[in-house]
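Topology and contacts: notes
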Amino acid sequence: PAVAAPAGGKKVIANLFEWNWPSVASECTSTLGPKGYGYVQVSPPQEHVRGNQWWVAYQPVSYRIESRKGTRDQFRSMVTTCQAAGVKVIVDAVINHMSGQANGGTGWAGSSYQHYVYPGIYQAQDFHYCGRNGNDDIVNYNDRYEVQNCELVNLADLKTESDYVRSRLAAYLNDLLSLGVDGFRLDASKHMPAADIANILSRLSRSAYIVQEVIYGAGEPIRPEEYTGNGDVHEFRYGKDLARVFRSERLAYLRNFGEGWGHLPTGRASVFIDNHDTQRDDGGVLTYRDRGIYALANAFMLAWPYGSPTVMSSYTYSNRDAGPPSDGNNKTLNTACYSGWECEHRWPVIANMVGFRNATEGTGVSNWYDNGYQHIAFSRTGKGYITINDEDFAINGRSYYTGLPAGRYCDVIHGTFSANTCSGPVITVDANGWFTANVPAHDAIAIHASARL
Ligand code: ARE
C-alpha cells in the first residue's frame, strides 16, 4: 500500500540528481539533516547501459543495484546514513521499460543483454509491440493506446498488464524496500495504466511514499488526475506557471496559486521549480542559471502551502546529454559543490527556507498583501511571514502586518539562524504584530517561529 504525501513534519525533498551514493550519504549528514530536509530523492540505482550521458540511468538492463553511482553496499550504507540523519530516501524507479539501444551489449555491472532480451529477467514475450509508426515508437500523445503500448523513445516497453512482469517489478521495488528505502518516484508513469501501477503497488511488502511522473499535456487523454489514487503526482504546470509569472506577469496573481489555477489537489501534488528534464528541455522554466530569481521562486514555493515541494540540485552542464563529472570509466565522481555541481539545495536562501516550511507546516495563508504588481507578502498564520519584492526598485520604510507574537526574528533570507543567533538582519515584530523594513529590488524578507531570538 502507498501513502499519499510525505509523512511527518519534515516534507521537503532534495533531489540530488546523479549524485553518487557516498556523496549523498555525506550530504545527508552535513547538510540535508541539519537544514531540515525530510527526504532525499536519488537517481535510478539499477544496472544500466554503458555510456557517459546522464540518461543511461533510464535504460535498465537488470535490477542489480550497481550503477555508475555506486555498488549495492554503498547504496545500503547511504540509506542507513541518511536515515540516521533524519532524512528518508526516495528512489527514482524505472519500471515502464528496459533499454532502448538497438544493439545489445554489456551493462554497467557486466550483465549481457539485447533489446527485448534480458537473460533471467525478461524475454521477448514480456514487451509490447504496438504495431504503429513503422518502429513501434510513440508519436501521437493524443492517443491513449499509443502512449501506453508503443515505445517511449525506443525503450523496450514492459507489458505491465502481465502477471509475470508485475511480479518482477514488485520484486525489484521490494528489494529496494529491503535495503531500507522509504519511497519511489515512478518514472514514465503516464506510459503505464494507473490500474497496472495500482496492482504493482499492491504487491509491496510495506507502505512507501509514491510519486508518479505524469506530465500534464493540454488536450491529452491521459490526465494526471487518473493517478492520484496511487499516491502523489508531479504537477508540471506549477513550475511552468510560476516561471511565466516571474518572467513576464505579476507576482500579485499568485494569491490563489495552485488549485485555484486548475492544478492538482494540494494533498496529491508534487511540485518543483524545475526538474532534470524541464531544466534541459523546457526553455520556459527557471533554473540555476537564473540565480537570484531562481532562489526567490524557490523561496515562494517553500513558503506557499501547496503540494509537496522538491528542491532540485543540479550538476553544471552545457549540452543536453552530458553526464555528471566522472572518471575515465564514466564512474560518477564525488560531488564538489560549486565546482561542476550547482548544489542549489545549499544556497542559503533555499536551505534556510526549508526551516520556514517546517516551522509553518499545517498553517494556512493570511494577511495577503500585494501592490498589484511585483510586491507580495503573506503570513503563514501564527508561525511565519514573508514578503517578496520582485520590482526593479527597493521598497523602503513600509510596515507589514504579520499577526505574529512580538519578538526579534532572524531574517532567514539574509541570515542563518543557529544556536540562538542570527548571522544576518534581525526583524522586530511589535506588540501589535507589525514590523517595518526596507526590501531591496528582487529580494525578500522571511521570518518564522523557529528562528526567533
Ligand atoms: C535516449 C536518447 C534517445 C534514444 C533513447 C533510447 O535521447 O534518442 O532513443 O535514449 O536509446 C531520458 C532522456 C532521454 C533518453 C532516455 C533513455 O530524457 O533522452 O533517451 O532517458 O535513456 C515524455 C514522457 C516522460 C519522459 C519524457 C522525457 O511522458 O515520462 O518524455 N520523462 C522520463 C524521465 C526522462 C527519461 C524517461 C522518462 C525515460 O524523466 O529523463 O528520458 O526513462 C509532452 C508529453 C510528455 C512527454 C514530453 C516529451 O510534453 O505530454 O508526456 O514526456 O512531451 O516527449
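Residues numbered from 1 in each chain as written. Predicted model: local features only at pLDDT ≥ 70, side-chain atom pairs only at ≥ 80, totals over all residues. Heavy atoms only, no water.

Below, the discussion takes up the overall build of the chain. Looking only at helices and strands, the chain has nine helices and 21 strands in total. Computed over the C-alpha atoms, the radius of gyration of the chain is 23 Å, within 12% of the 22 Å expected from 2.2 N^0.38 for a compact globule of 453 residues. Every one of the 453 residues in the chain was classed for burial, and the buried ones make up 58%. In the chain, of all internal contacts separated by at least 6 residues, the share reaching a separation of at least 24 is 70%. For the chain, the distance from the average site of its 39 positive side-chain charges to the average site of its 45 negative ones is 6 Å. (Helix = DSSP H or I, 4+ residues; strand = E, 2+ residues; numbered from the N terminus. Rg over C-alpha atoms; globule rule 2.2 N^0.38 Å. Buried < 20%, exposed > 50% of the residue type's maximum accessible area, 1.4 Å probe, protein only. Contact = heavy atoms within 4.5 Å. Lys, Arg positive; Asp, Glu negative; His and termini not counted. Charge placed at Lys NZ, Arg CZ, Asp CG, Glu CD.)

Looking now at the packing of helix α6 (residues 236–248) against helix α8 (residues 291–303). At a minimum axis distance of 11 Å, the contact between α6 and α8 shows a crossing angle of 125°. Here α6 is positioned oblique relative to α8, judged by the angle of their axes. Helix-helix and strand crossings are classified by hand; for α6 and α8 the assignment is right-handed. In this structure, α6 uses Y238, L242 and F246 to contact α8, whose residues at the interface are I293, L296, A297, F300 and M301. When its residues are assigned to classes, the contact of α6 with α8 shows eight nonpolar, no polar and no charged. (Axes fitted to C-alpha atoms, helices over the stretch in contact; angles between N-to-C directions. Parallel < 35°, antiparallel > 145°, perpendicular 65-115°, else oblique. Left-handed = near helix turned anticlockwise from the far one by under 90°. Nonpolar A, V, L, I, M, F, W, Y, C, P; charged D, E, K, R; others polar.)

This next bit is on the packing of aromatic side chains. Evaluated as defined, the whole model comprises 32 aromatic pairs. Between the aromatic rings of Y113 and Y118, the centroid separation amounts to 6.2 Å while the plane-to-plane angle is 5°, which identifies the pairing as stacked. Y118 carries the same exposure label as Y113, and that label is buried. With a centroid separation of 5.8 Å and an interplanar angle of 70°, the aromatic rings of Y116 and F127 are classed as edge-to-face. You can see Y116 sitting in the loop between β6 (112–113) and α3 (144–149) and its partner F127 sitting in the loop between β6 and α3, a full 11 residues away along the chain. (Phe/Tyr/Trp six-rings, centres within 6.5 Å; stacked < 30°, edge-to-face > 60°.)

What follows is about the nonpolar core. Counting residues in hydrophobic clusters, the biggest one holds 120 residues, and the most contacted among them are F75 and F184. For this core, the leading source of residues is α8, giving nine residues. Here this core gathers at least three residues from each of two domains, domain 1 (2–360) and domain 2 (365–451). Ignoring any residue separated from it by four or fewer positions in sequence, one finds F184 in contact with I90, V91, A93, L173, L176, L177, L204, A208, Y209, I210 and V211. Ranked by size, the runner-up nonpolar core spans 13 residues in total, among them A377, I427, V439 and I447. (Core = buried A, V, L, I, M, F, W, Y, C linked by side-chain atoms within 4.5 Å. Domains from an automatic or database assignment.)

Now for the side chain of D136. Residue position: D136 is located in the loop between β6 and α3. There is no salt bridge for the buried D136, and the closest opposite charge comes from R132, which lies 8.4 Å off by N-O distance. From its side chain, D136 meets the backbone nitrogen of G131 in a polar contact 2.7 Å long. Once you skip the residues sitting within four places of it in the chain, D136 turns out to touch Y129, C130, G131, C150 and E151. (Salt bridge = Lys/Arg side-chain N within 4 Å of Asp/Glu carboxyl O. Polar contact = N/O pair within 3.5 Å; in protein donor to acceptor, adjacent residues only side chain to side chain.)

A separate point is the site of the ligand. Of all residues adjacent to the ligand, which total 22 residues, the nearest are K190, H191, E213, E220 and D277. The separation between an oxygen atom of the ligand and a polar side-chain atom of K190 is 2.7 Å. Summarising the interface, the protein chains cover 75% of the accessible area of the ligand, which totals 940 Å² for the free molecule. (Near = heavy atom within 4 Å. Areas by Shrake-Rupley, 256 points an atom, 1.4 Å probe, with all protein chains shown as cover.)

This brings us to the domain arrangement of the chain. In terms of domain boundaries, the chain breaks down into domain 1 (2–360) and domain 2 (365–451). Taken together, the contact pairs 23 residues of domain 1 with 26 residues of domain 2. Across the domain 1 to domain 2 interface the summed buried area is about 2200 Å²; carbon plus sulfur atoms make up 68%. A per-residue breakdown of the area domain 1 buries against domain 2 is headed by L251, L296 and F356, which together make up 25% of the total. Joining domain 1 to domain 2, the criterion identifies one salt bridge. Here R255 and D370 are joined by a salt bridge, their closest N and O atoms 3.8 Å apart. Taken together, domain 1 and domain 2 are joined by 10 residue pairs in polar contact (both at pLDDT 80 or more). Counting only elements with at least two residues in the side of domain 1 that touches domain 2, the list comes to α8 and α9 (348–360). Among the elements that make up the side of domain 1 that touches domain 2, the one with the highest residue count is α9 (eight residues). For the side of domain 1 that touches domain 2, the class distribution of residues is 16 nonpolar, three polar and four charged. (Buried area = accessible area lost by both parts, 1.4 Å probe.)

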